[in-house]
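Descriptive analysis of the structure
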Amino acid sequence: LVSQDVSVVAGAMLKLFAGTSRATNTQAFIDQALEYEKLLKSANPLVRASIQRQQRTHPLPVNRVAELQKWADSKEYKTILEKAAQS
């Protein structure tokens, strides 16, 4: 909501995950997240279950970016922005 730009947030997340000592490509990170999400949906159910059973304290970075992109594309997000603009 603050930046209203998925690429800005994804870029910040990428720097947190990968560090700042090397060049990064935010759009490639976003594309990777969306591709991961698509492949996971079509994966063998046993593979999907195995990934879901893994003990993690936080979601995979690509999952976070994919969820962020889905939310930014959602009607709910657009409604929040419209209401804020009317204020």
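Quick note: structure is the one above.
A brief structural summary. No experiment lies behind these values; they were computed from the predicted model shown.

Calculation criteria
- Residues numbered from 1 in each chain as written.
- Predicted model: local features only at pLDDT ≥ 70, side-chain atom pairs only at ≥ 80, totals over all residues.
- Heavy atoms only, no water.
- Helix = DSSP H or I, 4+ residues; strand = E, 2+ residues; numbered from the N terminus.
- Buried < 20%, exposed > 50% of the residue type's maximum accessible area, 1.4 Å probe, protein only.
- Contact = heavy atoms within 4.5 Å.
- Areas by Shrake-Rupley, 256 points an atom, 1.4 Å probe, with all protein chains shown as cover.
- Lys, Arg positive; Asp, Glu negative; His and termini not counted.
- Charge placed at Lys NZ, Arg CZ, Asp CG, Glu CD.
- Core = buried A, V, L, I, M, F, W, Y, C linked by side-chain atoms within 4.5 Å.

**Some details on the overall build of the chain**
Within the chain, the regular secondary structure consists of five helices and zero strands. In terms of overall dimensions, the chain has C-alpha extents of about 50 × 35 × 25 Å along its principal axes. The buried share among the 87 residues of the chain stands at 22%. Of the contacts made within the chain by residues no fewer than 6 positions apart, 60% connect residues no fewer than 24 positions apart. When the accessible surface of the chain is summed, it comes to about 6,500 Å², and 56% of that surface belongs to carbon and sulfur atoms. The positive charge centre, built from 12 side chains, and the negative charge centre, built from 8, are 7 Å apart in the chain.

**Overview of the environment of Glu 67**
Looking at the element boundaries, Glu 67 is found in helix α4 (residues 61-72). Taking C-alpha positions, Glu 67 is 8.8 Å from Ala 33, a pair spaced 34 residues apart along the chain.

**As for the nonpolar core**
Counting residues in each nonpolar core, the largest one holds 13 residues, and the members touching the most others are Val 6, Phe 29, Ile 30, Ala 33 and Val 65. Of all elements in the fold, only α1 (6-18), α2 (26-42) and α4 reach the threshold of two or more residues within this core. Counting residues per element, this core draws most heavily on α4, which supplies five residues. Those residues in contact with Phe 29 that sit more than four places away from it in its chain are Ala 10, Leu 14, Phe 17, Pro 61, Val 62 and Val 65.

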